[in-house]
Amino acid sequence: MTDAVRTSNRPAGRMNGGHALAEMLRLAGVGPMFGMGGFQLLPFYDALSQLGMRHFLINDERCGAFAAEAYARVTNRPGVCDGTLGPGATNLVTGLIEALNAGTPMIALAGDTNRAHSWKNMTQECRQAEILRPAVKELIRVELTSRVPELLRRAFAVATSGRPGPVLLDVPEDVCHGEHDFAAEDFAIDPTTLSAPARRIRPDKADITSAAALLARAKRPLILVGGGIHLSAGYEALLALAEAQSIPVAHTMSGKGGIACTHPLSVGLFGRYSRIANELIEPADCLLVVGCKLGEIATKRYVLPPGNIPLVHLDILAEEIGRCSPAAVALWGDARAGLEDLTEALADDARQARAARADYIGEIPARMTSWRQEAAARLDSGERPIHMARLCRELNNALPADSILVADGGFAGHWTGLLYDTKVPGRRFIPDRGLASIGYGLPGGIGAALAAPQMPVVAITGDGGFNMMLGEIETARRAGIGLTIVVVNNAASGYVKALQHAMFRGRYQSSDLVEMDYAAIARAMGCAGIRVDDPGRLGAALREGLAERSRPTVLDIVVTRDPARMLPAVDNRTVEIRQGDRVA
Ligand SMILES: Cc1ncc(C[n+]2csc(CCOP(=O)(O)OP(=O)(O)O)c2C)c(N)n1
Ligand SMILES: [Mg+2]
């Protein structure tokens, strides 16, 4: 939407708060919204209908929050969801915390009680503001209908600036239903706040100089990139620095796609699961950490990076720097801006640096080849039930470069985090690592598919995560999206079962699921459904799913039921399991 349209198309006159909310969201050019109605927000719903805005009824508000969160990750524009008073609002909590922890911009609306009757045990009444406040970057209570435009403006500014995050507008029923005489000037929004990052700050010049000096001296520097690279859209800047200085790039699950996984300087996932990245961290002599919290998985529970290696830590949130590992140089700023400044500061010696690091860079293809040889038996496995590594290989082969893969919190995310290769830079792999809830895959896939209707979108989820969300198949079908849902069917809460196998000598408790035919369930719900138990059929099934453009396809993949072989860790040499260890 152009600024001219935005300003020439302002409404004016008497309208209710719900209508004003919808008009502001229209001016903001938001994408599809997700929610479930209730009395409090019905004027908002009515305005959406009058204004012809896209809003999808979901079957659980948590899914609406997940879908909006994934929409935001694909577009860097705030995803919008809503929930009604009480249970609608409390169901939003998990999705909002995902966004809070992952730094995803979101606007959530919650209907609240009519203030004429609050605290009188109204139906669905609860202390929702207190429940939701720690789940969001800011909770804004709207106390006057006349202030709706102003406070929605505020919500966008908070959601998209600094470290982005979710903002909740808590709207009492009487504010939503109440009317006000609005002037056209009331309806304005700062266009710079409509997508993240709203503004970019550059690290301090002296800090850039110190960081550049450390990097210039390093013989074996390594970049560790996290999800912040996506929030900053710093892809070109990252590639420019890595290529100009011959510095390999390792990534977290959220940081996958900072540079393409297929790029010769990409050394893959580091941390709990790794191909060759961890073995490059050990002998590194300078680590540049970009947009990464160095959380539990990235650090193998805080044993990485080794304390003797100087760390340059670039992050938009100053207090995140040095939280878990002390930084030799703290770069407080936007990832793209900081990377650009480092490239510039190191530009004069770039040719020399590349020459000096030629042998170092030359190790990468050799190490990757030997990892591939070692992993080949698993990647090419013809065993039945299907090996997870084989499934990942087939995803790599079948998904075109512009695909998006949304990965759920169970093994689906771990295996693909390790083995799935994005072929272009960008947020093409979307795991919910903010809160790592299971159940994100399907609703996240819906949000991503609506955000990128031209792109092939695949959601991969465990059977447990899928069971949680089955109702949203109906949403996906109603939305008419060609989403391919890959269900990793191991008839178990596999992650739990694998840990019980490793740590409790196979004393399984509450970790088995009934064997289900998810393809048949999908067909019964009017979608396409294919059950695959032959690895040789995986490629064709994936291509069939991708070709279906107007309804969802569920691929029910029968994978290993052996709890000894479920963890990617036991397959990739990074973890030795001992009794009592927490390995995953
Ligand atoms: C909401 C929620 N509950 C519990 C967990 C802990 N958890 C992590 S993975 C997992 C197993 C999920 O089973 P499934 O979705 O079938 O995936 P699998 O591990 O079998 O591939 C559980 C229970 C979680 N992450 N989120
Ligand atoms: Mg499972």
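Procedures and definitions
Residues numbered from 1 in each chain as written. Chains lettered and ligands numbered in written order. Predicted model: local features only at pLDDT ≥ 70, side-chain atom pairs only at ≥ 80, totals over all residues. Heavy atoms only, no water. Buried < 20%, exposed > 50% of the residue type's maximum accessible area, 1.4 Å probe, protein only. Helix = DSSP H or I, 4+ residues; strand = E, 2+ residues; numbered from the N terminus. Pairing = 2+ DSSP bridges. Arc of directions from axis to C-beta. Contact = heavy atoms within 4.5 Å. Polar contact = N/O pair within 3.5 Å; in protein donor to acceptor, adjacent residues only side chain to side chain. Near = heavy atom within 4 Å. Nonpolar A, V, L, I, M, F, W, Y, C, P; charged D, E, K, R; others polar. Axes fitted to C-alpha atoms, helices over the stretch in contact; angles between N-to-C directions. Parallel < 35°, antiparallel > 145°, perpendicular 65-115°, else oblique. Left-handed = near helix turned anticlockwise from the far one by under 90°. Donors = N, O, S within 2.8 Å, 3.2 Å for Na, K, Ca; no water. Salt bridge = Lys/Arg side-chain N within 4 Å of Asp/Glu carboxyl O.

### Looking at the pairing of strand β17 (residues 457–462)
For step 1, the next point in the chain: For β17, the tally of buried residues reaches six of six residues, placing the bulk of the element in the interior.
For step 2, the next point in the chain: By the alternation rule, side chains of β17 split into V457, A459 and T461 and V458, I460 and G462, which are all buried.
For step 3, the next point in the chain: When strand β15 (residues 404–407) meets β17, the two strands line up parallel, connected through four bridges. Counted as the bridge partner of I404 is V457 from β17.
For step 4, the next point in the chain: Bridging between β17 and strand β18 (residues 484–489) involves five bridges; their strand directions are parallel.

### With respect to helix α3 (residues 42–51)
For step 1, the next point in the chain: When α3 is considered as a whole, its buried residues turn out to be P43, F44, A47 and L48. With its buried residues spanning 145° around the axis, α3 presents them on a single face. For α3, the exposed residues lying more than 90 degrees away from the buried face are S49 and Q50.
For step 2, the next point in the chain: Trailing α3 by a residue or two, G52 shows a phi angle of about 70°, which is positive.

### Some words on helix α14 (residues 335–345)
For step 1, the next point in the chain: Turning to α14, its buried residues are A335, A337, G338, L339, D341, L342 and T343.
For step 2, the next point in the chain: Buried-residue contacts for α14 involve α10 (205–217), α11 (228–232), α12 (235–245), β12 (286–290), β13 (311–315) and β14 (329–332).
For step 3, the next point in the chain: The N-capping residue of α14, defined by a side-chain oxygen 3.1 Å from the backbone nitrogen of R336, is D334.

### A word on the pairing of β18
For step 1, the next point in the chain: Along β18, six of the six residues are buried, which leaves the element largely enclosed by surrounding structure.
For step 2, the next point in the chain: Burial of β18 is two-sided: the residues T484, V486 and V488 facing one way and the residues I485, V487 and N489 facing the other way are all buried.
For step 3, the next point in the chain: Bridge count for β18 against strand β20 (residues 553–558) is six bridges, and the pairing is parallel. The residue of β20 that forms the bridge with V488 is I557.

### Considering the site of ligand 1
For step 1, the next point in the chain: Taken together, 16 residues lie near ligand 1, and D463, G464, G465, N490 and G494 sit nearest.
For step 2, the next point in the chain: At 2.8 Å, a backbone N or O of G465 approaches an oxygen atom of ligand 1.
For step 3, the next point in the chain: Contact between ligand 1 and A492: an oxygen atom at 3.0 Å from a main-chain N or O atom of the residue.
For step 4, the next point in the chain: Where the shell around ligand 1 is concerned, the elements lending two or more residues are α20 (463–469) and α22 (494–503).
For step 5, the next point in the chain: When grouped by side-chain class, the residues that make up the shell around ligand 1 number seven nonpolar, eight polar and one charged.

### A look at the packing of α10 against α14
For step 1, the next point in the chain: In contact at an axis separation of 9 Å, α10 and α14 are set at 60° when each is read in the N-to-C sense. With respect to α14, the axis of α10 lies oblique. For the crossing formed where α10 meets α14, the hand is right-handed. Contacts between α10 and α14 pair I208, A211, A212 and L215 from the former with G338, D341, L342 and A345 from the latter.
For step 2, the next point in the chain: Looking at the contact of α10 with α14 residue by residue, the classes come out as six nonpolar, one polar and one charged.

### Here we look at the sheet that holds β12
For step 1, the next point in the chain: If you walk across this open sheet you meet the six strands as β11-β10-β9-β12-β13-β14, and the pairing is parallel. A strand with exactly one partner marks an edge of an open sheet, and here the two such strands are β11 (266–269) and β14. Taken over all neighbouring pairs, the strand axes of this sheet differ in orientation by 20° on average, direction set aside.
For step 2, the next point in the chain: The pairing of β13 with β14 spans four bridges and is classified as parallel. Bridging across to β14, H313 finds its partner in A330.
For step 3, the next point in the chain: Along the sheet face, helix α16 (residues 358–379) touches β9 (221–225) and β11 and points at about 50° away from the line of β11.

### Notes on the environment of P431
For step 1, the next point in the chain: The topology assignment puts P431 in strand β16 (residues 429–431).
For step 2, the next point in the chain: Overall, the relative accessible area of 1% leaves P431 in the buried class.
For step 3, the next point in the chain: For P431, the residues in contact, after removing those within four places along its chain, are R73, M253, S254 and A407.

### Some words on unusual backbone geometry
For step 1, the next point in the chain: Note that the residue after A196, namely P197, is joined by a cis bond; omega there is -5°.
For step 2, the next point in the chain: Relative to the helices and strands, P197 is located in the loop between β8 (179–182) and α10.
For step 3, the next point in the chain: Here W119, not a glycine, exhibits a phi torsion of approximately 70°, which is positive.
For step 4, the next point in the chain: Secondary-structure assignment places W119 in the loop between β5 (106–112) and α7 (128–132).

### What about the coordination of the magnesium ion (ligand 2)?
For step 1, the next point in the chain: Around the magnesium ion (ligand 2), the donor atoms from the protein are D463 (OD), N490 (OD1) and A492 (O), and they sit 2.0 to 2.1 Å away.
For step 2, the next point in the chain: Coordination of the magnesium ion (ligand 2) draws on donor residues from a single chain, spaced D-x26-N-x1-A in sequence. Of this pair, D463 sits in helix α20 while A492 sits in the loop between β18 and α22, and the two are 29 residues apart along the sequence.
For step 3, the next point in the chain: Looking at D463, the relative accessible area reads 2%, which means it is buried.

### As for the sheet that holds strand β2 (residues 33–35)
For step 1, the next point in the chain: Ordered in space as β3-β2-β4-β5-β7-β6, the six strands form an open sheet in which the pairing is parallel. This sheet does not close on itself; its edge strands, each paired only once, are β3 (55–57) and β6 (138–141). Recorded for the sheet is a direction-independent mean angle of 20° between the axes of neighbouring strands.
For step 2, the next point in the chain: Helix-sheet contacts for helix α4 (residues 61–75) involve β2, β4 (79–83) and β5, and the interaxial angle to β4 is about 170°.

### Some points on the pattern of salt bridges
For step 1, the next point in the chain: Inspection of the entire model under this criterion finds 39 salt bridges.
For step 2, the next point in the chain: Taken together, the salt bridges that share partners define one network made up of D112, R115, R141, E143, D170 and D174.

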